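Reading the structure
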Amino acid sequence: MPSGTRTRASRSLPGPRLDRLYTTLCRRNPGEPEFQQAAHEVLASLAPVLEARPELADPGLIERIAEPERQIIFRVPWQDDSGVPRVHRGFRVEFNSALGPYKGGLRFHPSLNLGIVKFLGFEQTFKNALTGLGIGGGKGGSDFDPHGRSDAEVMRFCQSFMTELHRHLGEHTDIPAGDIGVGGREIGYLFGQYRRITNRWESGTLTGKGREWGGSELRTQATGYGTVLFLAEMLNVRGESLDGQRVTVSGSGNVAIHAIEKAQELGAHVLTAADSGGYVLDEKGMDLPLLKQIKEVERGRIRTYADRRGTSARYVPGGRVWDVPTDVALPCATQNELDAEAATTLLAHGVKAVAEGANMPTTPGAVHLLHRAGVAFGPGKAANAGGVATSVLEMQQNATRQTWPPEETAAKLTAVMRRIHHTCYETADRFGTPGNYVTGANIAAFERLATGMLAQGLV
Ligand code: NDP
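Bear in mind the structure is a predicted one, so any value in this text is a computation, not a measurement. (Residues numbered from 1 in each chain as written. Predicted model: local features only at pLDDT ≥ 70, side-chain atom pairs only at ≥ 80, totals over all residues. Heavy atoms only, no water.)

Side note on the confidence of the model for the chain
Averaged over every residue, the pLDDT of the chain is 96; residues scoring 70 or more account for 98%. Predicted confidence is poor over residues 1-9, with pLDDT under 50, and the contacts of this stretch with residues over four places away or in other chains come to 20 contacts. (pLDDT = per-residue confidence, 0-100. Contact = heavy atoms within 4.5 Å.)

Okay, structure coming up:
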């Protein structure tokens, strides 16, 4: 299990106001280390903007940004294939709607709890603000584990989950998408149940749909592709490209597979993929069709890749891809998977860039080490925003009943990733932290969110 979150006691913030605010946040959200960690990272970036723009230091503003507008927890009863009654817990945290309807994915993973959903919803709110698009932030999911479940079991679970969740959704209210454990299959079952209950073809209520029934070209690929496009922009600023670079990737799900695809397209030599059991190292470079066959078609484990690939690949059970010498690291699995120890190893091997495909995969200690060493570091709320940006493209097509060709969507995705990179880069520069994409992303998102909330009376 990933580790590396730090406790409240080990962190302090610049200035008594931010420090007090964080202490209160920890007191009011006990037992939620991931949420506290995500909030700390943002608060730690805000001192320069609060000083330069006193109108954004309005009492109560940051406190409200850190408090979800609504938190929904519900029972999800269903029956497995043997007729055994099961029950799981469902969540939807509607974090902030100042800039548009709540928007953010659903995660099905046994580790999910309210604190993790809140961290994801908080991150999502800032990410969505950073895109410059009209979307607020939310996140949800369940502690249900789809691994090893039949299609019929997943369908019954999704139907039960949507039977409760549907009353909170709507194309102008709250629009979920996928995340860990929720891909095209799950979105299909969820959408079918939403349509059945509401008797409405409201396609803009869920994104990540199949292309034949309201989905967008490239939505599936967008998070992974976008992460690599953001990475390419960071390298470009340093006069480099991905061509010929060694790349290590963690995970082998939606984000990892498409990050590998785009990195290979741009000439990189991708060495690894992983799942929660271990990783594969392929000296010849990852065989993408084989990886897709095992992970997407067969829903198998990553060790099978090494069994079938031949001598160039080996499986390392329980190992971490960060031990493999590389130029670029792409954490694409889950939160806190790249800790200070891993960062030290990456630095010893001369890593140049790290871009987060996953949400908050790098611990604060690791980020600190990477920044100190001058490594280009792209935080998830910027680097993986291509997924949600393409969800908005899907919503635009749904609203106009259009289907755009792949080239059009690809051009828009490239443009949005360039714009996000430029925003982070320029904002970091403007606030005296050149090259620091973390402060750039946090400040730019905060400025937009704060301005919107103040104009609307702080609601
Ligand atoms: P998938 O379910 O498709 O894949 C998740 C991958 O990560 C799997 O290989 C899984 O392995 C691995 N993984 C999950 N949990 C753990 C864990 N605790 N330890 C080690 N490995 C783990 O999810 P996605 O690819 O969609 O999501 C990956 C990350 O990207 C998440 O952080 C998500 O929040 C983020 N993200 C996703 C977006 C999207 O559009 N899908 C958008 C933006 C961010 P195993 O199968 O063994 O569990």
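Resuming the write-up.
Side note on the sheet that holds strand S2 (residues 85-96)
The five strands are arranged S1-S2-S4-S3-S5 in an open sheet whose pairing can be described as mixed. The open sheet has two free edges, formed respectively by strand S1 (70-79) and strand S5 (174-177), since each of these has just one partner strand. Ignoring which end each strand starts from, the neighbouring axes of this sheet average 20° apart. With three bridges connecting them, strand S3 (residues 102-108) and strand S4 (residues 137-142) associate as parallel partners. By the bridge assignment for S4, leucine 106 is matched with glycine 140. (Pairing = 2+ DSSP bridges. Helix = DSSP H or I, 4+ residues; strand = E, 2+ residues; numbered from the N terminus. Axes fitted to C-alpha atoms, helices over the stretch in contact; angles between N-to-C directions.)

Brief notes about empty space enclosed by the protein
If you roll a probe as big as a water molecule over the atoms, it shows you where there is empty space left. The tally for this structure, following the rule as stated, stands at one cavity of 30 Å³ or more. Residue lining of the largest cavity: Val42, Leu43, Leu46, Ile62, Ile65, Ala66, Phe122, Phe126 and Phe446, and that is the complete set. Broken down by secondary-structure element, the contributors of at least two residues to the lining of the largest cavity are helix H2 (33-43), helix H4 (61-65) and helix H5 (114-131). Looking at the lining of the largest cavity, its residues break down into nine nonpolar, no polar and no charged. (1 Å grid on protein atoms, 1.4 Å probe; cavity = no way out; pocket = protein on both sides within 12 Å on 5 of 7 lines; lining within 4 Å. Points joined across faces, edges and corners; volume = space filled by probe spheres on them. Nonpolar A, V, L, I, M, F, W, Y, C, P; charged D, E, K, R; others polar.)

Describing helix H17 (residues 437-455)
Residues spaced three or four apart along an α-helix face the same direction, because each turn holds 3.6 residues. Taking 1.5 Å as the rise per residue, H17 with 19 residues should run 27 Å; its terminal C-alpha atoms sit 27 Å apart, in good agreement. For H17, a buried count of 15 out of 19 residues is recorded, marking the element as mostly surrounded by other parts of the structure. Looking at where H17 begins, the residue whose side-chain oxygen comes 3.0 Å from the main-chain nitrogen of valine 438 is asparagine 436. (Expected span 1.5 Å × (residues − 1). Buried < 20%, exposed > 50% of the residue type's maximum accessible area, 1.4 Å probe, protein only. Polar contact = N/O pair within 3.5 Å; in protein donor to acceptor, adjacent residues only side chain to side chain.)

Digging into helix H16 (residues 406-430)
Look at H16: 36 Å from first C-alpha to last across 25 residues, which is about the 36 Å you get at 1.5 Å a residue. Buried within H16 we find Thr409, Leu413, Val416, Met417, Ile420, His421, Cys424, Thr427 and Ala428. In this fold, the buried residues of H16 make contact with H5, helix H8 (219-237), helix H14 (380-383), helix H15 (386-400) and H17. Trailing H16 by a residue or two, glycine 432 shows a phi angle of about 75°, which is positive.

Description of the packing of H15 against H16
Interhelical geometry of H15 versus H16 gives an angle of 135° and a closest axis separation of 10 Å. By the angle between their axes, H15 is oblique relative to H16. When the axes of H15 and H16 are compared, the crossing they make is right-handed. Packed against H15, whose contacting residues are Gly386, Ala389, Thr390 and Leu393, the element H16 presents Thr409, Lys412, Leu413, Val416 and Met417 at the interface. Residue composition of the contact of H15 with H16, grouped by class: five nonpolar, three polar and one charged. (Parallel < 35°, antiparallel > 145°, perpendicular 65-115°, else oblique. Left-handed = near helix turned anticlockwise from the far one by under 90°.)

A short note on the site of the ligand
Near the ligand you find 27 residues, and of these Asp179, Thr223, Ser276, Arg301 and Asn359 are the closest. Measuring from an oxygen atom of the ligand, one finds a side-chain N or O atom of aspartate 179 at 2.6 Å. In this structure, arginine 301 approaches the ligand through a side-chain N or O atom, which is 2.7 Å from an oxygen atom. Burial of the ligand by the protein chains amounts to 88% of its free accessible area of 900 Å². Contributions of two or more residues to the shell around the ligand are made by H8, helix H9 (254-265) and strand S8 (272-275). Class assignment of the residues belonging to the shell around the ligand gives a composition of eight nonpolar, 13 polar and six charged. Counting contributing residues per domain, the shell around the ligand is built from domain 1 (70-201) and domain 2 (221-383), each supplying no fewer than three. (Near = heavy atom within 4 Å. Areas by Shrake-Rupley, 256 points an atom, 1.4 Å probe, with all protein chains shown as cover. Domains from an automatic or database assignment.)

Regarding the sheet that holds strand S7 (residues 269-270)
Each strand in a sheet pairs with its neighbour through backbone hydrogen bonds, running either in the same direction (parallel) or in the opposite one (antiparallel). Pairing is parallel across the open sheet formed by five strands, whose spatial order is S7-S6-S11-S12-S13. In the strand order of this sheet, the two ends are held by S7 and strand S13 (376-378), each with one partner. Alignment of strand S6 (residues 246-250) against strand S11 (residues 328-331), held across four bridges, turns out to be parallel. Each residue of the ladder has a partner; that of valine 249, found in S11, is leucine 330.

Focus on the domain arrangement of the chain
You can read the domains of the chain as domain 1 (70-201) and domain 2 (221-383). Spacing between the C-alpha centres of domain 1 and domain 2 amounts to 27 Å. Tallying the contact residues gives 13 residues for domain 1 and ten residues for domain 2. Each partner contributes to the roughly 980 Å² buried at the junction of domain 1 and domain 2, and carbon and sulfur atoms together form 50% of this total. In terms of surface lost to domain 2, no three residues of domain 1 exceed Phe119, Glu123 and Lys127, which account for 47% of the buried area on that side. For the pair domain 1 and domain 2, the number of links is one salt bridge. Lysine 381 is the partner of glutamate 123 in a salt bridge, and the nearest nitrogen-oxygen pair spans 3.4 Å. Remark: the boundary between domain 1 and domain 2 carries three residue pairs in polar contact (both at pLDDT 80 or more). The biggest single contributor to the side of domain 1 that touches domain 2 is H5, with seven residues. In terms of residue class, the side of domain 1 that touches domain 2 is made up of six nonpolar, one polar and six charged. (Buried area = accessible area lost by both parts, 1.4 Å probe. Salt bridge = Lys/Arg side-chain N within 4 Å of Asp/Glu carboxyl O.)

Considering the nonpolar core
If you look at the biggest cluster of nonpolar residues, it comprises 97 residues, and the most contacted ones within it are Phe122, Leu231, Leu291, Leu330, Ile420 and Phe446. At nine residues, the largest contribution of residues to this core is made by H17. Lining this core are residues from two domains, each supplying at least three of them: domain 1 (70-201) and domain 2 (221-383). Ranked by size, the runner-up nonpolar core spans 22 residues in total, among them Ala274, Val316, Ala366 and Leu369. (Core = buried A, V, L, I, M, F, W, Y, C linked by side-chain atoms within 4.5 Å.)

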